[in-house]
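Below are the chains, spelled out letter by letter.
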Amino acid sequence: MLAAAAAVPEGWSTDDLEGGSMWMPNPASTFAGSIDGVFNFIYWICLIFFALIVAMMVYFCVKYRRREEGQKAEVQITHNTSLELTWTIIPLLLSVVIFYVGLEGYVQMRQAPANAYEVQVTGQKWNWTFTHRNGAQDVQVLKVPAGRPVKLTMTSTDVLHSVYIPAFRVKQDVVPGRYSSLWFQADEPGTYQLFCTEYCGTSHSQMAAIVSVLEEDEFERQIAEDAAWLDKVDATNALAMAEAGYRLYARCASCHSVNLDEPGSAPTFWDTHDMWEAGTPRQMADGSSVAIDENYIKTSILYPGEHVVAGYVDQMPSFRGQLDEKAIQAIFTFIRDMDDLLNRDGSLKAGG
Ligand code: CUA
């Protein structure tokens, strides 16, 4: 859980980092109670049999140790029918119970209720995009209504990822080229961690998100706001556009740092900003050099393979179809004017 704290998106904290058991955070979905029940059941069976077997082994070692030189065994026991039946039937019954409880839970978790609220999830190196029915798109924050079943329909644009929400006890692979799904119902409003739990490359450990469970009307309000926020930004106001770009930067943050103390796996936006401001051309991996301007940023967002900066690898996904013209303008305005908003360690400037 300690490592998880670092991956919480800017400005968010989670409730599930506190409390819970040694194994798991506090249970927060309708599944969690029965899953913890099965887990504890199996855990105690293992613990009881481990103690029993080790204790008997030690006892027999002592009891039947060789006492004097040359002593022979007096009887040879070949089998004991009642003992053998006992150690066959008891584990068989335990296995049947575990299988039954597990199967019942599995079937329940595989079939989302017909009235579930559906969210489209896209995994991409290395962030999560959550798309709602009204068109709202949130990056790194999954907003869901409390007290209602929620179904996630998930796919990946590049490699295998996997959604894991420990507090809800749900986990499902996210596979390129097909849809997978999972569902849950969280009754208590709060914020919970979502992890990528399939190793997917350099910034896998940063590929985390927050699940924000909201009361129904607050949820509707926020989703409506998220669907329309960029339309309301005044495109002629550079500061407003830079701030919008900073909000969109959540998509970039797992690779492109704005904190010079902690550069990520891609060029920091400060380097890009400084070179743009100074008019310094950037050295590319293929030996060419390219001037940094609006076109360079736009090309890098839509066709990342065109300009691979020297010292880095060609691993950025394209954002074609995900960011429209205004969003791209907001991002390059943010990079151009980021010194108005941020300090060199990525913190917000006072009044910014
Ligand atoms: Cu995506 Cu690990």
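Placed above this text is the structure.
Residues numbered from 1 in each chain as written. Predicted model: local features only at pLDDT ≥ 70, side-chain atom pairs only at ≥ 80, totals over all residues. Heavy atoms only, no water.

A. Structural detail: the overall build of the protein chain. What the protein chain contains, in helices and strands, is 8 helices and 12 strands. Computed over C-alpha atoms, the radius of gyration of the protein chain comes to 28 Å, more than 25% over the 20 Å expected from 2.2 N^0.38 for 352 residues, which places it beyond the range of a compact globule. Along the first, second and third principal axes, the C-alpha set of the protein chain runs to 95 × 55 × 40 Å. By the burial criterion, 40% of the 352 residues in the protein chain qualify as buried. Nonlocal contacts in the protein chain, meaning residues at least 24 apart in sequence, comprise 64% of its contacts between residues at least 6 apart. Carbon and sulfur atoms make up 57% of the accessible area of the protein chain, which totals about 19800 Å². (Helix = DSSP H or I, 4+ residues; strand = E, 2+ residues; numbered from the N terminus. Rg over C-alpha atoms; globule rule 2.2 N^0.38 Å. Buried < 20%, exposed > 50% of the residue type's maximum accessible area, 1.4 Å probe, protein only. Contact = heavy atoms within 4.5 Å. Areas by Shrake-Rupley, 256 points an atom, 1.4 Å probe, with all protein chains shown as cover.)

B. Looking closely at empty space enclosed by the protein. All told, the structure shown has 1 cavity of 30 Å³ or more when counted by the stated rule. Looking at the largest cavity, it is lined by 33 residues, and the ones nearest its centre are His256, Ala266, Pro267, Ser300 and Met316. Among the elements of the structure, helix 6 (269-278), helix 7 (294-302) and helix 8 (325-341) are those that each provide at least two residues to the lining of the largest cavity. If you tally residues by element for the lining of the largest cavity, the top one is helix 7, at 4 residues. Looking at the lining of the largest cavity residue by residue, the class counts come to 20 nonpolar, 9 polar and 4 charged. (1 Å grid on protein atoms, 1.4 Å probe; cavity = no way out; pocket = protein on both sides within 12 Å on 5 of 7 lines; lining within 4 Å. Points joined across faces, edges and corners; volume = space filled by probe spheres on them. Nonpolar A, V, L, I, M, F, W, Y, C, P; charged D, E, K, R; others polar.)

C. Region of interest: the packing of aromatic side chains. In total, this model carries 15 aromatic pairs according to the counting rule given. Site record: aromatic cluster; members linked through ring pairs are Trp23, Phe39, Tyr43 and Trp44. (Phe/Tyr/Trp six-rings, centres within 6.5 Å; stacked < 30°, edge-to-face > 60°.)

D. Highlighting the state of the cysteines. One pass over the structure, following the stated rule, counts 0 disulfides. Summary of cysteine pairing: Cys252 is not part of a disulfide, and the nearest cysteine sulfur, belonging to Cys255, is at 8.9 Å. (Disulfide = S-S within 2.5 Å.)

E. Representation of the pattern of salt bridges in the model. Scanning all chains against the criterion turns up 9 salt bridges. Among the ionic pairs, Lys143 bridges to Asp226, the shortest N-O distance being 2.8 Å. Taken as a pair, Lys143 in strand 4 (residues 141-145) and Asp226 in helix 4 (residues 216-232) lie far apart in primary sequence, 83 residues in all. No difference in accessibility class separates Lys143 from Asp226, as the two residues are buried. A salt bridge links Glu225 to Arg247, with the nearest nitrogen and oxygen atoms 3.9 Å apart. Of this pair, Glu225 sits in helix 4 while Arg247 sits in helix 5 (residues 238-248), and the two are 22 residues apart along the sequence. Taken together, the shared-partner salt bridges connect Lys143, Glu225, Asp226 and Arg247 into one network. (Salt bridge = Lys/Arg side-chain N within 4 Å of Asp/Glu carboxyl O.)

F. Region of interest: the side chain of Ser156. Within the fold, Ser156 resides in strand 5 (residues 149-156). A distance of 3.1 Å separates a polar atom in the side chain of Ser156 from the backbone nitrogen of Asp158. Of the polar contacts made by the side chain of Ser156, one reaches the backbone oxygen of Val159; its length is 2.6 Å. The residues touching Ser156, leaving out its near neighbours within four places in the chain, are Gly123, His161, Val174, Val175, Pro176 and Gly177. (Polar contact = N/O pair within 3.5 Å; in protein donor to acceptor, adjacent residues only side chain to side chain.)

In short, the description is geometric, and any link to function would need to be established separately.
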